[in-house]
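# Structural overview for review
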Amino acid sequence: MTPRTPVRRAAAVLAVLALGLAGCTATSTRAAGSSDGAGVIGVALPSTTDAGWEHAGEAVASELRDRGYRVDLEYAADDARTQAAQVQNMLTKGVDAVIVAPLSAEELAAPAELADEDGVPVALLGRGLAVSGAGFAAVVEPEELGRAQAQALLDALDAGQGADATDPTPAPGTETPESAAPETVAPDDVGPTSPAGPVELTVLAGAADDAWEQRRHAASIEALTPAVDEGRLVIASGATWDEAAVDADPLDVSDAAEKRVRNAVAEADARGETAGRTAFLALGDDVTRGVVTALTTDPPVSETASPTPSPSPAAERSTPSVDRPTPIVVVSGADVGTVRALEQGTLTATVFVDTRDLAAPIADAVEALLDDREPESDGTEIPGSTDVPAVAVGPQTVRADDITRVLLDTGWMTPEELSG
């Protein structure tokens, strides 16, 4: 193992910290642990905004603490440069291993190289990106999330929510033949439709440079393609990644998603009875928050008048004003606001991953890496790093009837949190 060189690390971290501070917002640091007898583990997660990362941080810190480690747990406010600076700083402080949920493999390249030179193991959590030198990954596969979300939407179609109940067409399965993504079809190109006709789907995804979320999008579109080919579904927006990605800045994703949904609802509302039933597929927890806000709150009031012609009264509203079926809305995650909207019937389903299930395998892997043993793998592969041992945790589809069993009984949230 190469001896550590604190002076070199200190110099390197100054450069990365400068980059991180230039683009960061509020971050948080939490110390956990009762003893450093087994070592100190740095844990770098994206944000406390998502309940999934909040629960993951708590579960991983608790698991490591129970094994005798001290934990340096930090959140990066969804800023990749901030995360890189945090990891670099952990290395400068002399942590024995690093667990990171990578926001960007590119931004983590420098601290990952330094960790490799110093012989500090790096394990990936949740997001399986090709981070150089990583020794293990406990992940959620974005393809599984995308397929599960697409299937939840297809299930809604098959249940008669937006399709003709007498339609004898069998429901497609989650396994679909390889085909190109369907061409985007604007609602005006479809012609007049009825609730029994094709459902007009808007697909929304996160930041344009998020390679992990791009994989989720590709899988969801592939799973939806048979329904498009059968004429039961029209992807009005978001068939391609460039169309689906709502914003280039990850810090603006929720706001951008909210605006896009308000516009889509307003356009359908303005067409009145000629508009078919609408559907929304929100790929990502941050996207979901924007979608939920758009569907459950009134639009903000502009402080100044717009220089462009004002929209019609129908287009000013964020919820349908004409007598059309309720939209099908499939989202991601299990934040309190999301679950409340699901309980109230605004959302059709959400695809949820219990990130607490990642804690034990990541802790097992850290112990193995520190003992110079190869961690156990279930055969999961990380694109671009197929030689990295990895395990995956699968998603669950949650509908209103599942809230108690999946979320409340397991302690993901309390009834008091849900009731507000």
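Because the structure is a prediction, the values reported are computed rather than measured.

Looking now at empty space enclosed by the protein. On inspection of all chains with the given rule, the structure shows two cavities of 30 Å³ or more. Size it by volume and the largest cavity reaches roughly 40 Å³. If you go around the largest cavity, the residues you meet are Val-87, Leu-91, Val-100, Leu-108, Pro-111, Ala-112, Ala-115, Val-122 and Val-131. If you list the elements that add at least two residues to the lining of the largest cavity, you get α3 (80-93) and α4 (109-118). It is α4 that provides the largest number of residues to the lining of the largest cavity, a total of three residues. Partitioned by chemical class, the residues of the lining of the largest cavity number nine nonpolar, no polar and no charged. Quantified by volume, the second largest cavity comes out at close to 40 Å³. Taken together, Gly-128, Val-139, Val-140, Glu-141, Pro-142, Trp-212, Arg-215, Thr-380, Glu-381, Ile-382 and Pro-383 form the lining of the second largest cavity. Residues that form the lining of the second largest cavity fall into these classes: six nonpolar, two polar and three charged.

Attention now moves to the pattern of salt bridges. Between side chains of opposite charge, a pair can form when the charged atoms approach closely. In total, this model carries 19 salt bridges according to the counting rule given. A salt bridge links Arg-399 to Asp-155, with the nearest nitrogen and oxygen atoms 3.2 Å apart. With a gap of 244 residues between them, Arg-399 in the loop between β14 (396-398) and α13 (403-408) and Asp-155 in helix α5 (residues 142-158) connect regions that are remote in the sequence. On the basis of relative accessibility, which here comes to 31%, the residue Arg-399 falls in the partly exposed class. A network of salt bridges, in which partner residues are shared, links Glu-63, Arg-67, Asp-364 and Glu-367.

Here we come to the packing of helix α2 (residues 51-66) against helix α12 (residues 359-370). Between α2 and α12, whose axes approach to 9 Å, the crossing angle comes to 45 degrees. Classified by the angle their axes make, α2 and α12 are oblique. Note on packing geometry: the crossing formed by α2 with α12 is right-handed. On α12, the residues that touch Ala-59, Val-60, Glu-63 and Leu-64 of α2 are Ala-359, Ala-360, Ile-362 and Ala-363. Its residues assigned to classes, the contact of α2 with α12 shows seven nonpolar, no polar and one charged.

Tracing the backbone through its elements, the reader meets Thr-350 in strand β12 (residues 349-352). If we skip the residues at most four places from it in the chain, Thr-350 touches Val-331, Ser-332, Gly-333, Thr-338, Leu-342, Gln-396, Thr-397 and Val-398. A distance of 2.6 Å separates the side chain of Thr-350 from the backbone oxygen of Gly-333, its partner in a polar contact.

One way to put it is that helix α9 (residues 253-271) packs onto helix α10 (residues 285-296) with a least axis distance of 7 Å and a crossing angle of 40 degrees. Relative to α10, the element α9 lies oblique. The chirality of how α9 crosses α10 is right-handed. Seen from α9, the contacting residues are Val-253, Ser-254, Ala-257, Glu-258, Val-261, Arg-262 and Val-265; seen from α10, they are Asp-286, Val-287, Arg-289, Gly-290, Val-291, Thr-293, Ala-294 and Leu-295. Of the residues that constitute the contact of α9 with α10, the class distribution is eight nonpolar, three polar and four charged.

Turning our eyes to something else, we now look at a negative patch on the surface. Residues Asp-209, Asp-249, Asp-252 and Asp-255 make up a contiguous surface patch of negative charge. Among the secondary structure elements, Asp-249 is positioned in the loop between β9 (245-247) and α9.

Side chains of residues three or four places apart in an α-helix project in the same direction, reflecting 3.6 residues per turn. Between its terminal C-alpha atoms α2 stretches 22 Å, which fits the 22 Å expected from 16 residues at 1.5 Å a residue. Regarding α2, the residues found buried are Ala-51, Gly-52, Trp-53, Glu-54, His-55, Ala-56, Gly-57, Ala-59, Val-60, Ala-61 and Leu-64. Immediately beyond the C-terminal end of α2, within one or two residues, lies Gly-68, with a positive phi of roughly 100 degrees.

Our focus in this paragraph is the layout of surface pockets. What the largest pocket holds in volume is close to 890 Å³. Counting residues per element, the ones that place at least two in the lining of the largest pocket are α2, α3, β7 (199-207), α7 (211-229), α10 and β12. In terms of residue count, the dominant contributor to the lining of the largest pocket is α7 (four residues). Looking at the lining of the largest pocket residue by residue, the class counts come to 21 nonpolar, eight polar and 15 charged.

Rules of the game
Residues numbered from 1 in each chain as written. Predicted model: local features only at pLDDT ≥ 70, side-chain atom pairs only at ≥ 80, totals over all residues. Heavy atoms only, no water. 1 Å grid on protein atoms, 1.4 Å probe; cavity = no way out; pocket = protein on both sides within 12 Å on 5 of 7 lines; lining within 4 Å. Points joined across faces, edges and corners; volume = space filled by probe spheres on them. Helix = DSSP H or I, 4+ residues; strand = E, 2+ residues; numbered from the N terminus. Nonpolar A, V, L, I, M, F, W, Y, C, P; charged D, E, K, R; others polar. Salt bridge = Lys/Arg side-chain N within 4 Å of Asp/Glu carboxyl O. Buried < 20%, exposed > 50% of the residue type's maximum accessible area, 1.4 Å probe, protein only. Axes fitted to C-alpha atoms, helices over the stretch in contact; angles between N-to-C directions. Parallel < 35°, antiparallel > 145°, perpendicular 65-115°, else oblique. Left-handed = near helix turned anticlockwise from the far one by under 90°. Contact = heavy atoms within 4.5 Å. Polar contact = N/O pair within 3.5 Å; in protein donor to acceptor, adjacent residues only side chain to side chain. Patch = residues over 30% accessible without salt bridge, like charges linked within 9 Å, V, L, I, M, F, W, Y side chains within 5 Å. Areas by Shrake-Rupley, 256 points an atom, 1.4 Å probe, with all protein chains shown as cover. Lys, Arg positive; Asp, Glu negative; His and termini not counted. Charge placed at Lys NZ, Arg CZ, Asp CG, Glu CD. Expected span 1.5 Å × (residues − 1).

By themselves, these figures tell us nothing about what the structure is for.
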